[in-house]
Each structure stands twice: as structure tokens, then as C-alpha cells.
Amino acid sequence: MMNNGIKKIGILTGGGDCPGLNAVIRAATRTAILKYDLEVIGYIFGYRGLYNNEFTNLTLKEVSGIEHRGGTILYSSNKDNLFDYTVEEDGVKVKKDVSDIAIENMRKENVDALIIIGGDGTLTSGRDFARKGVKVIGVPKTIDNDLAVTDVTFGFNSAIVVATDALDRLHTTAESHHRIMILEVMGRNAGWIALEAGIAGSADVILIPEIPYDINKIVEKIRYRESIGKLFSIIVVAEGAKPKDGDVVVQKIVADSPDPIRLGGIGNKLAYDLETLLVENEVRCTVLGHLQRGGSPSTYDRILATRYGVGSIELLNESRFGNMICLKGTHMSFVHLENVIGRNKQVEPNGEIANTARSIGISFGD
Ligand code: F6P
């Protein structure tokens, strides 16, 4: 038991998955059991499990051998907001606030506190449960790295490792055929994946949501490279990038999702537009998609996720309820969820990292 009376905790993972979720679950469970002698359960399918009171006991055996595994052993949903939840009443689907049912379920199972692992949507619900007096600690997850306050979210490094490898592979085939190769990466409305993978993967052009592009500038860059004997070019484009005089490309609308817009398609649009202007150059597009979210976490993410897992339990022990564990420089820190929610962290167009790219001749198409 902790000094503040906490004996039993619940862990849940919400939103889109990413590499490192299992490493957080393992580290939090091990710390809770080995250091504080707590009982630990994991809710199945995120908040849906909390509502249905569906959980599994997390023991040392249960979390053994999962640090390196992608996905989440607890499953995850990005559709279940218990403050605006779809239920069926008299055969009709209606939206309701069912958060009190979830709180009652916690009370029935004697769950004293929750570790909530997720991005903005999942942590918003975490904040809302905290406002209702539930003892919540948040853990920042997303490949997009767009959560405010924390320096890095776990999952991001694994995604840029995959994207960088893809760029390395595109380089060799681009060079053989003198082609223009476009790689479309994820990231929603933030360009972190494109920017960092683009620098690491020696891209010639990086297009991000924060810097709308002018296609003529991209053509200029390709022509300049040809003038110095480089007859191929590599472009990395974030799914949320858009031309100066245009809008983002929406791939689909997921109607029952609290955040329904799914971006995607800008890579193929750009390939078409460039081929029209360049005429004699062949342009090809590769969409990396969910490969960025699947598979094993990188070494960096395993360590960061483990630190977050341990840190989240320490925050519970310190009674810092309603806070999220985060990374500040080289140290674990914490921030109140009220100061995290809804504050999308974007690339600064003239910040140090974007200027680093500019200094080595990378074009942002601006
Ligand atoms: O937020 C993570 C992310 O992978 C984004 O980069 C992407 O836009 C979105 O989720 C895709 O969502 P889904 O898995 O629902 O297609």
C-alpha cells in the first residue's frame, strides 16, 4: 500500500496504438507490485473496458516478455469517449455521459486510481475524470509527437526510425532510375515525423503542415539539383501538408470517432502535380501509413516508455493526481492535465530544428 492509502490501480491504453505501450504497462505494473505492493488490473479496450467493467489482472507473469512487443496487450479504441458515449435506448442510438457508471465500476472493484496512457483525446477524458475527483495520472503517447509540454512522446522515435529506413531505401532506387520519389508520412496537423525523418534520411524537400508550400519552389529545387549533377530527388511530405493556395487532403471521415478526420493522399496529389510541371521526370509516391505505428519499439522508446511507466507510479505515490508524467530535457517531470489538453505542439517554422534543415539546403517549398 502507498502512504496515501492507494492499494489497487487500473491501467488503460486509449487512442491509436504505438510502439512502447506494452513497455509502459510492464514498467508501471512492475513498479506498482515490486515497490508498493499494489494490486493492478488492466482495462480492456481503453475506456470501453472501464464502462463495461471488463478487465484483466496484471501480474508480474502477465507483463513478462512484453517490453519489446508492439501494440498493446490491453487493446485500444479511439472511439470511446465516456462523456459522450453512444448507447442504445429503446432501440435508438443516443449519446450520453456515462462517466458515473465507469466511476461506480471502479468503486465496486476497489480501484483507487487510474494510469491513463494516451494522446490528446484519451488524456482529455482523463482530465474530465480528474475533475470529477478520480485519481488519475496521464502518460503521453503518440507517434505524432504533437502533445504540448512534454519534450517527446513515446512512439515518436520508433516512427521516425521506420520513416528514415524507408527514405534510405527510396534513395537507392531513386538514384538508379533518376526519379523523383515522394514519401508520405503520418503526423496529423504536426510535421515532426516528416521533419526529423527527413533530416535523418537526407531528404531534399520536406513539406509540413506548419509551412504551406509553393510547388514552383519544389520544381526549382529539383532543377537546381539537376544542375549540380543530382538527377534524382527525395521529397518527404507530412499527411497534413498543404499548398499555399490549397487545403489538406482528407482520406476519410470516421463518423463515430470523436476526431473524425483522417488525413492522407497529399503524396499522390503532389506526384500528379509535379509530373504535370516536370514532364520528363518520373515521379512516384510511397505512402508509409500504419507501418509507422506497428512493430517493436525502438531502443529509445523502450527506455522512455519504461521511465514513463515508473514515473507515473511515483506520481501516484506523491499524490500528484490529475497530472501527466513528461520529459523535460533529460529529466522526468510532471504537468497538470489542464495545461496539456488542446494545445497541439507544432513545428516552429523558424525554430532551431527547421533552421538546421534549411542550413544544409533542405527546401520546405517556401
Ligand atoms: O495519431 C496517430 C495517427 O497515426 C496519425 O498520425 C494518423 O493521422 C492517425 O493516427 C490515423 O488514424 P487511424 O489509425 O484511425 O487511421
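Procedures and definitions
- Residues numbered from 1 in each chain as written.
- Predicted model: local features only at pLDDT ≥ 70, side-chain atom pairs only at ≥ 80, totals over all residues.
- Heavy atoms only, no water.
- Pairing = 2+ DSSP bridges.
- Helix = DSSP H or I, 4+ residues; strand = E, 2+ residues; numbered from the N terminus.
- Axes fitted to C-alpha atoms, helices over the stretch in contact; angles between N-to-C directions.
- Contact = heavy atoms within 4.5 Å.
- Core = buried A, V, L, I, M, F, W, Y, C linked by side-chain atoms within 4.5 Å.
- Buried < 20%, exposed > 50% of the residue type's maximum accessible area, 1.4 Å probe, protein only.
- Phe/Tyr/Trp six-rings, centres within 6.5 Å; stacked < 30°, edge-to-face > 60°.
- Lys NZ or Arg CZ within 6 Å of the ring centre and 35° of its normal.
- Salt bridge = Lys/Arg side-chain N within 4 Å of Asp/Glu carboxyl O.
- Domains from an automatic or database assignment.
- Buried area = accessible area lost by both parts, 1.4 Å probe.
- Expected span 1.5 Å × (residues − 1).
- Arc of directions from axis to C-beta.
- Polar contact = N/O pair within 3.5 Å; in protein donor to acceptor, adjacent residues only side chain to side chain.

A. Summary view of the sheet that holds strand 9 (residues 205–207). Reading across from one edge, 9-10-8-13 is the order of the four strands in this open sheet, with parallel pairing throughout. Looking at strand neighbours, the two that pair on one side only are strand 9 and strand 13 (283–287), the edges of this open sheet. Here the average twist between neighbouring strands, direction ignored, is 20°. By the bridge criterion, three bridges tie strand 9 to strand 10 (residues 233–238) in an arrangement that is parallel. Within strand 10, the residue paired with Val-205 across the bridge is Ile-235. On the sheet, helix 5 (residues 156–177) packs against strand 8 (180–185), strand 10 and strand 13 and is oriented at approximately 165° with respect to strand 8. Lying over the sheet, helix 7 (residues 215–227) contacts strand 8, strand 9 and strand 10, oriented at roughly 155° with respect to strand 10.

B. Here's a closer look at the nonpolar core. Within the largest apolar cluster, 68 residues are counted, with the highest numbers of intra-cluster contacts made by Ile-9, Ile-11, Ile-115, Ile-117, Phe-154, Ile-193 and Ile-206. With eight residues, the single largest contributor to this core is helix 5. Ignoring any residue separated from it by four or fewer positions in sequence, one finds Ile-206 in contact with Ala-194, Leu-195, Gly-198, Ile-199, Val-236, Ile-362, Ser-363 and Phe-364. Counting 27 residues, the second-largest nonpolar core is a separate cluster that includes Phe-83, Phe-129, Leu-147 and Met-324.

C. View of the packing of aromatic side chains. Scanning the entire structure with this criterion turns up six aromatic pairs. Aromatic side chains Tyr-47 and Phe-129 sit 6.0 Å apart centroid to centroid with 20° between the ring planes, which places their arrangement in the stacked category. Residue Tyr-47 is found in helix 2 (residues 47–52), and its partner Phe-129 is found in helix 4 (residues 120–131); the two are separated by 82 residues along the sequence. Exposure class is identical for Tyr-47 and Phe-129. Each is buried. Put simply, the rings of Tyr-47, Phe-83 and Phe-129 pair up and form one aromatic cluster. Against the face of Phe-45 rests Arg-48, its NZ or CZ located 4.6 Å from the ring centre. Directly above the aromatic system of Phe-232 lies the positively charged group of Arg-225, at a separation of 5.1 Å from the ring centroid.

D. Highlighting the pattern of salt bridges. Counted under the stated rule, the structure contains 23 salt bridges. For Arg-223, the salt bridge is made with Glu-226, and the minimal N-O distance between the two is 2.9 Å. In this pair, Arg-223 and Glu-226 both sit in helix 7, three residues apart, roughly one turn of the helix. Owing to a relative accessible area of 29%, Arg-223 belongs among the partly exposed residues under this scheme. Shared partners join several salt bridges into a network, and the residues in it are Arg-127, Asp-128, Arg-131 and Glu-338.

E. Quick look at the domain arrangement of the protein. The domains assigned to the protein are domain 1 (8–154 + 297–329) and domain 2 (157–294 + 348–359). Computed over C-alpha atoms, the centres of domain 1 and domain 2 are 33 Å apart. Facing 15 residues of domain 1, the contacting portion of domain 2 comprises 18 residues. Carbon and sulfur atoms supply 51% of the area that domain 1 and domain 2 bury against each other, a total of about 1300 Å² over both sides. When the area that domain 1 buries against domain 2 is broken down by residue, the three leading residues are Lys-79, Ile-143 and Asp-144, summing to 42%.

F. How the structure looks around the sheet that holds strand 7 (residues 135–140). Across the sheet, seven strands lie side by side as 3-2-1-6-7-14-15; this open sheet has mixed pairing. The sheet is open, and its two borders are formed by strand 3 (55–57) and strand 15 (331–336), each paired with just one other strand. Between one strand axis and the next, the sheet turns by 30° as a mean value, whatever way the strands run. Each of strand 1 (8–13), strand 2 (39–43), strand 6 (113–118) and strand 7 is contacted by helix 1 (residues 21–36), which is oriented at about 175° to strand 1, the strand it contacts most.

G. Inspection of helix 7 at higher detail. The end-to-end C-alpha distance of helix 7 is 19 Å, a good match for the 18 Å that 13 residues give at a rise of 1.5 Å each. Listing the buried residues of helix 7 in full gives Ile-215, Ile-218, Val-219, Lys-221, Ile-222 and Arg-225. Down the axis of helix 7, the smallest arc covering the buried residues is 160°, so these residues share one side. In this structure Asp-214 caps helix 7, since a side-chain oxygen of it lies 2.9 Å from the backbone nitrogen of Asn-216.

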